[in-house]
Amino acid sequence: MPATTDRTDVAPRVTSRIARKAWREVSRPIRRMLDRETVAPPSLPKPYLTGEGASIAGFHPQQATVETAALPLVQRLVRESSRFPGPIIEIGTLLGVTTTHMALAKAPEQKIITVDLYCWNPWGLPPAVHEALTSQVLAYLVATGHVERISMDKDEFFRTYQGPPPAMVFLDAIHDYPETKKDVEWARRVGAQIISGHDYCDEFPGVKQIVDECGGPRELSASVWVL
Ligand SMILES: C[S@@+](CC[C@H](N)C(=O)[O-])C[C@H]1O[C@@H](n2cnc3c(N)ncnc32)[C@H](O)[C@@H]1O
């Protein structure tokens, strides 16, 4: 005997099939969104951004120059240096921000030579990126001959410098005692008229020690010192 189809059995099955289909359609965009979120996790930071003490997080351009309060002293020293022949030499360019502040105060005929090996920056930028950025920051001043940007180890620069006695040096590379001592001794040896630098502060006792051994800062503004 053929099985009979009871209409009351079929109706709920059809209704639930339609309901499932409707749910699939309605929920498709939400399911796609959730899938996307789980498929593409955010990529991890590159190792050079997680190196000790180096981070682009919290970047602020003020980290790339001396304290704002010290700029008037730097610029006054630059103006004073125009009485002497010879270049202004900055050891430690970083991004060229202080270089630019010095260029704004210098006499038109004065030249700034700025030296950096691009071996350190506070943001963990790789050396080539660091140098490319500095090169762009200083592009106008270099193209117009106001600034010469030298990519070199400072010791090599000291060893090979053949120019006239500098009108001013600004020492701002490695802030420990032996390195700052070397910088000051070179500046004295080549007859620099004004010897100045950055980071005479408790954070860098080596800078304080050598500056004090040389008679202490004649002037100090924030942590910019001048002998
Ligand atoms: C504190 S930053 C200079 C800041 C810069 N004078 C300013 O005020 O904008 C120190 C710089 O010294 C450079 N440096 C460190 N050791 C060096 C070396 N042996 N020779 C040349 N440059 C060096 C680093 O690459 C870095 O750019």
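Keep in mind that what you see is a predicted model, and the values were worked out from it rather than measured.

Definitions and limits used
Residues numbered from 1 in each chain as written. Predicted model: local features only at pLDDT ≥ 70, side-chain atom pairs only at ≥ 80, totals over all residues. Heavy atoms only, no water. Axes fitted to C-alpha atoms, helices over the stretch in contact; angles between N-to-C directions. Helix = DSSP H or I, 4+ residues; strand = E, 2+ residues; numbered from the N terminus. Parallel < 35°, antiparallel > 145°, perpendicular 65-115°, else oblique. Left-handed = near helix turned anticlockwise from the far one by under 90°. Contact = heavy atoms within 4.5 Å. Nonpolar A, V, L, I, M, F, W, Y, C, P; charged D, E, K, R; others polar. Core = buried A, V, L, I, M, F, W, Y, C linked by side-chain atoms within 4.5 Å. Buried < 20%, exposed > 50% of the residue type's maximum accessible area, 1.4 Å probe, protein only. Near = heavy atom within 4 Å. Polar contact = N/O pair within 3.5 Å; in protein donor to acceptor, adjacent residues only side chain to side chain. Areas by Shrake-Rupley, 256 points an atom, 1.4 Å probe, with all protein chains shown as cover. pLDDT = per-residue confidence, 0-100.

Here we look at the packing of helix α2 (residues 71–81) against helix α3 (residues 97–105)
Line of reasoning, step 1. Running from N to C, α2 and α3 point in directions that differ by 50 degrees, and their axes come no closer than 8 Å. Relative to α3, α2 is oriented oblique. Along this stretch, α2 crosses α3, giving a crossing that reads as right-handed. Touching Leu71, Val74, Gln75, Val78 and Arg79 of α2 are His101, Met102, Leu104 and Ala105, all from α3.
Line of reasoning, step 2. Of the residues belonging to the contact of α2 with α3, the class tally is 6 nonpolar, 2 polar and 1 charged.

Focus on the nonpolar core
Side chains of nonpolar character tend, in soluble globular proteins, to be buried together.
Line of reasoning, step 1. By size, the foremost hydrophobic cluster in this structure holds 20 residues, and its most contacted members are Val66, Met102, Met168 and Val224.
Line of reasoning, step 2. Elements with a minimum of two residues in this core: α2, α3, β4 (168–171) and β7 (224–226).
Line of reasoning, step 3. No other element matches the 5 residues that α2 contributes to this core.
Line of reasoning, step 4. Beyond its immediate chain neighbours, meaning those up to four positions away, Met168 contacts Val74, Leu77, Val78, Ser81, Pro87, Ile88, Ile89, Met102, Ile194 and Ser196.

Considering the site of the ligand
Line of reasoning, step 1. Around the ligand sit 21 residues in total, of which Ala64, Gly92, Thr98, Asp116 and Asp172 are the nearest.
Line of reasoning, step 2. Between the ligand and the protein, one listed contact pairs an oxygen atom with a side-chain N or O atom of Asp116 at 2.6 Å.
Line of reasoning, step 3. At 3.2 Å from a nitrogen atom of the ligand is found a side-chain nitrogen or oxygen belonging to Asp153.
Line of reasoning, step 4. In the complex, 94% of the free accessible area of the ligand, which totals 610 Å², lies under the protein chains.

Brief notes about the confidence of the model for the protein chain
Where the model shows low pLDDT, its predicted coordinates should not be examined in detail.
Line of reasoning, step 1. Within the protein chain, residue pLDDT values average 86, and 81% of them lie at 70 or more.
Line of reasoning, step 2. Segment residues 1–5: pLDDT under 50, and 1 contact once partners within four positions in sequence are set aside and those in other chains are kept.
Line of reasoning, step 3. This stretch, residues 41–51, has a pLDDT under 50; its non-local contacts, to residues over four places away or in other chains, come to 9 contacts.

Re the packing of helix α7 (residues 177–189) against helix α8 (residues 205–213)
Helix-helix packing is characterised by the crossing angle of the two axes and by the distance between the axes.
Line of reasoning, step 1. Relative orientation of the contacting elements α7 and α8 amounts to 40 degrees, with a least axis distance of 8 Å. In this view, α7 runs oblique relative to α8, as classed from their interaxial angle. Crossing hand, α7 versus α8: right-handed. In contact with Tyr177, Thr180 and Lys181 of α7, α8 contributes Gly206, Val207, Gln209, Ile210 and Glu213.

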